[in-house]
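# Analysis of the macromolecular model
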Amino acid sequence: MSADLRQQPPKESDRTWVIPVTRRDLLSYGGKLGLMATMLSAAGVTFACGGGDGGSDSPQGTATSAASGDGETPAAGTPGAAAVTAEPGGEATPGGTLTIVRATDPLNLHPGMNSGLADIATNFLIYDALVIHGFDGKIYPALAESWESSDDGTVWTFHLRQDVRFHSGEPFTSAHVVDHFQRWKEMPTSTKIALLDSVEAPDDYTVVFTLKSPTLVFLNNISQTEWAYASIPNMKKVEELGDDYGVVGVDGTGPFKLEEWVKDDHITLVRNEDYTWGSPIYSNTGPAYPERIIFKVVPEEASRSALIETGEANMNIEVAARDVQRLSDIPGVTVASFPRLSSNHIGFNMQRELFQDINVRKAIMHGINREEITQFVMHGQADPAEGYLHPEVVGAAPREQTRPLVEYNPEKAVQLLEESGWTLGPDGIRVKDGKPLSFTLYLTTELHEQINQAVQAQLREIGVDMQVRRLEAAGYDDATKAGEHDARFIPMIYSSADHMYFFITDSIPSPNTTFWSDPKFDELFEKSQTTTDEDERIKTFQEMELYLLEQAVVIPIQHLKWIFAWDDKTKGTTFHNIHGIYKLMDTWVEQ
């Protein structure tokens, strides 16, 4: 279905600000607010956990299975999923509108064109892919009924379903798969299929992929769960719209069709009444239950929570940590949080002269008190980073090795700056050769502002002036790709350590907006993708994380948690630990 997506309502100007706040001010403010508690058991919420190793950050609760059908073994390096499931609340009934609020709007709904989280979440509903991960971390059929690989692992053959149609009515065939993978090779996210040599369609319902070399990660990387990049669009609509595909129109095979997109305001999806080919990871294989899904874009945290309070929205998928207790106290509202594979961090633009000095980068690393930010900004709804990767990700280096590289040590930070000739000026900001130690950090959301207000106050105590500029998502994307920033802040949500392709040379300028190019890191990443020895792959990821931290190219802050709130009319939702709402096939709205 095509829709007019070019309506542009007025939007707030981007802004630059400096907060003159000390850490004492921050502590006083946080202390008055107090710490927020997460209400889970009282709300009738259970956890669904699967095949990965547990750990101290694993959610506690009743372990139940959220998947059905016969799954393949978990893909290499992919942790078993964990999810929160709301009580079903009776027999599911079709109909109604599910209104979801979130902070940002998608930029482009052409799968693989960008890595924005809003784009990915929307694409899960509009499209399908050949395979998909279940809530147990295993891979299940989707548009492909079955598949097999050659003995040497270089040829993969997929047999497609023959009952699938696009939203436009066009039959789904192997030609559409071939077309998307060929186009994907030219997209910013193409590192996911860097080892793909060719893709062919011997007949309408068979696709053959030939790889340059064996790899442990091919099946994982073409799963829809890997950020929906492998979702298959209608090649005829892509050809018709060209560069405007995903901006002025889309055509997928998923459970929902695009009905309307008012930029930076809302997206309306309507149920695909013909959808009967859903994956067995859900009890309901189609059609979906809600008649419509509306994503409302609400950048302000308080406004998102208010819409849940007033009943104008059914679900908030980006609840502010400070609102957890207040929402939990409202009758008919459930709030849940659980660990999320994430590494929010500052990344330097390595083209800047200032950041050519590794002592400056390391000083900033050691000048940030992550525990303080987690307690007083995140109200306990995050885990302070002791490395870059989340500790539960397969391939994370031991914390006893990463912790000294990121620990808060302001005395060491000052020593590093003085070694590089940065002396304290009369205003408390360090100077060298007449230039202040100052840079501007680009970011997009209110939460990111709050986190970096604290970072800003802490860095001032070691003589570093960090200014902050908040932009709307499209402006941020354009600016960071163009290298206009000195540094940028992103949440970095991921499913495996493979996401470190964000920092390889081939990913410049996007998604590698640090513009860091390092032959050693590139070689390590290539090794991680081509080895067929799982132990070697894990060791390589550990080396990559340690090297990234030793070079201080990125400054990890914390690992965020998912925080969701929903009303008592919303039933049956299973929240995925990586993708949140995922495909919503079991979700229904009580009439």
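Residues numbered from 1 in each chain as written. Predicted model: local features only at pLDDT ≥ 70, side-chain atom pairs only at ≥ 80, totals over all residues. Heavy atoms only, no water.

To continue, consider the pattern of salt bridges. Under the definition given, this model contains 24 salt bridges. One salt bridge connects R161 with D163, and the closest N-O pair in it is separated by 2.8 Å. Using a relative accessible area of 19% as the deciding quantity, one classes R161 as buried. On the accessibility criterion, D163 (39% relative accessible area) is partly exposed. Where R537 meets D498, a salt bridge forms, and the shortest distance between an N and an O atom there is 2.7 Å. With R537 in helix α15 (residues 534–550) and D498 in the loop between β24 (487–490) and α14 (519–530), this pair connects stretches of sequence that are 39 residues apart. On the accessibility criterion, R537 (1% relative accessible area) is buried. (Salt bridge = Lys/Arg side-chain N within 4 Å of Asp/Glu carboxyl O. Buried < 20%, exposed > 50% of the residue type's maximum accessible area, 1.4 Å probe, protein only. Helix = DSSP H or I, 4+ residues; strand = E, 2+ residues; numbered from the N terminus.)

Before going further, it helps to examine the pairing of strand β22 (residues 438–443). Of all six residues making up β22, five are buried, and the element is well covered by its neighbours. With six bridges joining them, β22 and strand β23 (residues 465–470) adopt parallel strand pairing. Among the inter-strand pairings, Y442 is bridged to a residue of β23, identified as R469. Assessed by its sense of winding, the connection that carries the chain from β22 through helix α12 (residues 446–460) to β23 is right-handed. (Pairing = 2+ DSSP bridges. Right-handed = clockwise from strand over helix to strand, strands pointing away.)

With that settled, consider the packing of helix α10 (residues 399–406) against α15. Axis separation between α10 and α15 bottoms out at 9 Å; the angle between their running directions is 15°. Between α10 and α15, the crossing angle belongs to the class labelled roughly parallel. In this structure, the crossing between α10 and α15 has a hand that is left-handed. Contact residues: R399, Q401, T402, L405 and V406 in α10; E545, L546, L549 and E550 in α15. Within the contact of α10 with α15, the residues separate by chemical class into four nonpolar, two polar and three charged. (Axes fitted to C-alpha atoms, helices over the stretch in contact; angles between N-to-C directions. Parallel < 35°, antiparallel > 145°, perpendicular 65-115°, else oblique. Left-handed = near helix turned anticlockwise from the far one by under 90°. Contact = heavy atoms within 4.5 Å. Nonpolar A, V, L, I, M, F, W, Y, C, P; charged D, E, K, R; others polar.)

So yeah, pure geometry; function would need other evidence.
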